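# Close look at the chain arrangement
Letter by letter, the chains look like this.
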Amino acid sequence: MPETKKSFIELDPNEAKTLLAEVGGEPFRLAQIHNWIYKNHVADWDEMENIPKHLSQNLSEALPLHPLEIIHIKGSKTEPTRKFLFKTQSGHNIESVLMHDKDRTTVCISSQVGCAVDCKFCATASMGFIKNLSAGEIVDQVLQLERESQKKITNVVFMGMGEPFLNYNRVMEGATRLNTALGFGARRITISTAGIVPKIRQMADENRQFKLAISFNAIDEDRRKKIMPLTQIHSLKSLMESAFYYYQKTKRFITFEFVLLKGINDSPSDGLKLIQYLSGLPCKVNVIPYNEIGGEFSRPDEQTIREFLNTLKQAPFTVTVRWSKGTDIDAGCGQLAVKAI
Ligand code: SAH
């Protein structure tokens, strides 16, 4: 077995087949095991009722089923939002969030341990980059939350810890598996990037069906460089060019996320500039009032937020607002950073 794969869920179909043969299982058992994992969301080998005891025992001696272990769950007092702290087999911690809203149940998952991008308003940045998650670790967050959730998960967003496009191949492999093995429609899976330009083009060239979101957050180079230093490498101009390229190639709308920061990008004139900036491109905009993480930024007051949103009423694109869920347990956008429990 390859060194890095230490759980069954991380194996590819051929590796799973080989393992099964090694422990004396007939090939048809693979489909049964697959069902237990992806349809019934079992926690461990011994819950697979139609698998003979000796076989599940051999498998459990060979490899653990899940790569991740839930070590803590924190529930919001004000909303049906829960934050899950997982431990990887390498001993690192990551977080995922389960949210319910009307008929939607969304999981927000992590793609890396920590993050290298260093956005000044995001708590994950303070961890630095530690490690890429494997495709299996990405999928396992959804599998385990599906087991923990009372309602069926309807949407998956790659908006937890990490920059998905700096772990592009594993994220695409994981998302593809969510689509094929777990049955999530590709349009129910959203991948959000801080703006890794070549990967936006690659996603377009590969004609991936998943939804793309770009964390836009500022409407001029200088301001964006200050809050998102990666703009020094991937300029706002090249980011917009890649967004146009993506639309021309795929004809799919990108969602531009816009974290609203007091005194930085929240005035009506900033709103007008945003409209001008995006007007030529069929897209959507998702405004996210900043969630406090301590530090130099603050959230605009209610009135300022309303005025900003009012300005956007004249925009040719659809505007939605993300009143983040679970901010009382630091589960809102940009608040994920593993802290002492
Ligand atoms: N690295 C990816 C995904 C993680 S961040 C990305 O940058 O898109 C997910 C979203 O949360 C992004 O749109 C980001 O701009 C936003 N965000 C980060 N910190 C935030 C904060 N403190 N308050 C509100 N939104 C925040």
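None of these values were measured; they are calculated from a predicted model. (Residues numbered from 1 in each chain as written. Predicted model: local features only at pLDDT ≥ 70, side-chain atom pairs only at ≥ 80, totals over all residues. Heavy atoms only, no water.)

This next bit is on the packing of aromatic side chains. Taken as a whole, this structure holds eight aromatic pairs when the rule is applied. Both rings, one in phenylalanine 8 and one in tryptophan 45, keep their centres 5.1 Å apart while their planes meet at 75°; by these two values the pair is edge-to-face. One end of the pair, phenylalanine 8, is in the segment before helix H1 (13–22); the other, tryptophan 45, is in the loop between helix H2 (29–38) and helix H3 (53–62), with 37 residues separating them in the sequence. Across the pair, tryptophan 45 and phenylalanine 8 agree in class, each one buried. Arranged with centres 5.8 Å apart and planes meeting at 65°, the rings of phenylalanine 216 and tyrosine 277 form a pair that is edge-to-face. With phenylalanine 216 in the loop between strand E9 (211–215) and helix H7 (221–227) and tyrosine 277 in helix H9 (residues 268–278), this residue pair connects regions lying 61 residues apart in the sequence. By relative accessible area, which is 1% here, phenylalanine 216 ends up buried. Of the aromatic side chains, those joined through ring pairs into one cluster are Phe216, Phe256 and Tyr277. (Phe/Tyr/Trp six-rings, centres within 6.5 Å; stacked < 30°, edge-to-face > 60°. Helix = DSSP H or I, 4+ residues; strand = E, 2+ residues; numbered from the N terminus. Buried < 20%, exposed > 50% of the residue type's maximum accessible area, 1.4 Å probe, protein only.)

Assignment of secondary structure puts glutamate 221 in helix H7. Separated by 181 residues in the primary sequence, glutamate 221 and asparagine 40 have C-alpha atoms spaced 49 Å apart. Ignoring sequence-local partners within four residues, the contact set of glutamate 221 consists of Thr231, Ser235, Leu236 and Lys237. (Contact = heavy atoms within 4.5 Å.)

With that settled, consider the site of the ligand. In the vicinity of the ligand there are 20 residues, among which Phe121, Ser192, Ser215, Asn291 and Gly334 approach most closely. Between cysteine 333 and the ligand, the recorded distance is 3.2 Å, taken from a backbone N or O atom to a nitrogen atom. Within the complex, 96% of the 540 Å² of free accessible area of the ligand lies under protein. Put simply, the ligand lies in the largest cavity. Among the secondary structure elements, those contributing two or more residues to the shell around the ligand are strand E8 (189–193) and strand E10 (254–260). Its residues assigned to classes, the shell around the ligand shows 10 nonpolar, eight polar and two charged. (Near = heavy atom within 4 Å. Polar contact = N/O pair within 3.5 Å; in protein donor to acceptor, adjacent residues only side chain to side chain. Areas by Shrake-Rupley, 256 points an atom, 1.4 Å probe, with all protein chains shown as cover. 1 Å grid on protein atoms, 1.4 Å probe; cavity = no way out; pocket = protein on both sides within 12 Å on 5 of 7 lines; lining within 4 Å. Sits in = over half its atoms within 2 Å of the grid points. Nonpolar A, V, L, I, M, F, W, Y, C, P; charged D, E, K, R; others polar.)

Moving on, we come to a positive patch on the surface. A surface patch of positive charge is lined by Arg104, Arg187, Arg188 and Lys284. Along the chain, arginine 104 falls in strand E4 (residues 104–108). (Patch = residues over 30% accessible without salt bridge, like charges linked within 9 Å, V, L, I, M, F, W, Y side chains within 5 Å. Salt bridge = Lys/Arg side-chain N within 4 Å of Asp/Glu carboxyl O. Lys, Arg positive; Asp, Glu negative; His and termini not counted. Charge placed at Lys NZ, Arg CZ, Asp CG, Glu CD.)

Here we take up unusual backbone geometry. Of note, histidine 41 is a non-glycine position whose phi angle comes to about 55°, a positive value. Position of histidine 41 among the secondary structure elements: in the loop between H2 and H3. Its relative accessible area of 14% is what places histidine 41 among the buried residues. Phi is positive for asparagine 207, close to 50°, though the residue is something other than glycine. When you line up the elements, asparagine 207 lands in the loop between helix H6 (197–205) and E9. In this structure asparagine 207 comes out as partly exposed when scored by relative accessible area, which is 41%.

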